[in-house]
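Descriptive analysis of the structure
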Amino acid sequence: MSTTYYAYQNGNCNGMPYASMTEQRGYWCIYDNGNCNGIPFWSMKKSSRACEVYPNGNCNGIPVGYFKYGSRGTEFYPNGNGNGFPIYYFEFKGRYVAIYDNGNGNGFPKWSVRQNGRIAEFYKNGNCNGIPELAVKGADDLRDVLEFMFYLFIYGFHA
C-alpha cells in the first residue's frame with residue numbers, strides 16, 4: 001500500500017488540494033494536482049542519510065537538490081551531491097521544526113512547521129503563530145513531509 005500526502009493552501013485542509021506526493025516504485029513523486037495523475041514535476045529518492053530531489057518523475061539524471069540528515073537536524077544543498085555549504089537548515093524539536101535560511105541554524109528561524117494531529121502546518125514565521133500558509137494532510141511524522149513542504153513553499157511551486 002502506498003502513502004499519499006495532499007497539500008492545501010490553507011491551514012485547515014478544506015477544499016481541493018493543489019499538490020500531492022505519493023510513493024511509487026521506491027521513490028516519491030510530486031504532482032501539481034491533488035490526485036497524483038499526469039507527469040510528476042519532481043521526484044525524490046530518500047534513504048536514511050539523505051534525500052535527492054530530481055526535476056522529473058523518475059529520479060534519472062542529476063539531482064537539483066540534496067537534503068543531508070544529521071543527528072540534530074537536516075541541511076539542504078542546492079546541488080545534487082551535498083558538497084559545499086548548505087543554504088537551509090531544519091532543526092527538529094519534537095512536533096515542531098524551525099527552518100533557517102542559513103546553513104547553520106544560527107539566529108532566528110525564518111519559517112516553521114508544526115505537526116497538529118495528522119496535519120503538518122507550514123508558517124512564514126519561526127514561531128508557528130498566525131494562520132498557516134500551507135497544510136499537508138496525512139502526516140504521521142514531520143520527517144515524511146518536510147521535503148515536500150519545502151519544495152512546494154520555499155523552493156519553487158505555488159499554485
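Structure's up top.
Description of the structure in this document. Sequence order as written defines residue numbering, which begins from 1 separately in each chain. Totals for whole chains, interfaces and linings use all residues, but because this is a predicted model, local features are given only for residues with pLDDT of at least 70 and pairs of side-chain atoms are given and counted only at 80 or more. Only hydrogens and water are removed before side-chain values are computed, so all heavy atoms of the structure are retained for them.

A separate point is the overall build of the chain. Going along the chain from the N terminus, every DSSP run of H or I of four or more residues is numbered as a helix, and every run of E of two or more is numbered as a strand. Check the secondary structure of the chain and you find 1 helix and 12 strands. Counting from the amino terminus, the chain carries its helices and strands in the arrangement β-β-β-β-β-β-β-β-β-β-β-β-α. For this measure, only C-alpha atoms enter the radius of gyration; the expected value for a globule follows 2.2 Å times N^0.38, where N is the number of residues. Here the C-alpha radius of gyration of the chain, 15 Å, is about what a compact globule of 159 residues would show, namely 15 Å. Along the longest, intermediate and shortest principal axes, the C-alpha atoms of the chain span 40 × 35 × 25 Å. Only protein chains enter the area calculation, which uses a 1.4 Å probe; residues under 20% of their type maximum are buried, those over 50% are exposed, and those in between are partly exposed. Looking at the 159 residues of the chain, the share that counts as buried comes to 48%. For this analysis, residues touch if any pair of their heavy atoms sits within 4.5 Å. For the chain, restricting intrachain contacts to residue pairs at least 6 apart in sequence, the fraction spanning at least 24 positions comes to 30%.

The strand order around the closed barrel formed by 12 strands is E1-E2-E3-E4-E5-E6-E7-E8-E9-E10-E11-E12, and the pairing between neighbours is antiparallel. Within the sheet, the average angular offset between the axes of one strand and its neighbour, ignoring direction, is 20°. At least two DSSP bridges between two strands are needed for those strands to be called paired. The sheet contact formed by strand E11 (residues 119-123) and strand E12 (residues 134-137) spans 4 bridges and is antiparallel. By the bridge assignment, Phe-122 is partnered in E12 with Leu-134. Every angle, taken between N-to-C directions, lies between 0 and 180 degrees, and every axis is a line fitted to C-alpha atoms, over only the stretch in contact when it is a helix. Against the sheet, helix H1 (residues 142-153) makes contact with strand E1 (4-8), strand E2 (19-24), strand E3 (27-31), strand E4 (42-46), strand E5 (50-54), strand E6 (65-69), strand E7 (73-77), strand E8 (88-92), strand E9 (96-100), strand E10 (111-116), E11 and E12, and its axis sits at roughly 150° relative to E4, the strand it touches most.

Before going further, it helps to examine the pattern of salt bridges. Take a side-chain nitrogen of Lys or Arg and a carboxyl oxygen of Asp or Glu: if they are within 4 Å of each other, that pair is a salt bridge. Tallied over the full model, the rule gives 6 salt bridges. Among the salt bridges present, the one from Arg-114 reaches Glu-121, with a minimum N-O distance of 2.9 Å. The class of Glu-121 is buried, set by a relative accessible area of 6%. Between Arg-118 and Asp-140 there is a salt bridge whose closest N-O contact spans 2.7 Å. Remark: Asp-140 occurs in the loop between E12 and H1 and Arg-118 occurs in the loop between E10 and E11; sequence separation between them is 22 residues.

Take the environment of Phe-122 next. With respect to the secondary-structure elements, Phe-122 resides in strand E11. When the C-alpha atoms of Phe-122 and Asn-102 are compared, they prove to be 18 Å apart, with 20 residues separating the residues in sequence.

This brings us to unusual backbone geometry. Unlike most non-glycine residues, Arg-25 shows phi in positive territory, near 50°. For Arg-25, the position within the fold is in the loop between E2 and E3. Here the phi dihedral of Cys-128 falls at roughly 60°; this positive angle occurs in a residue that is not glycine. Counting through the fold element by element, Cys-128 comes out in the loop between E11 and E12.

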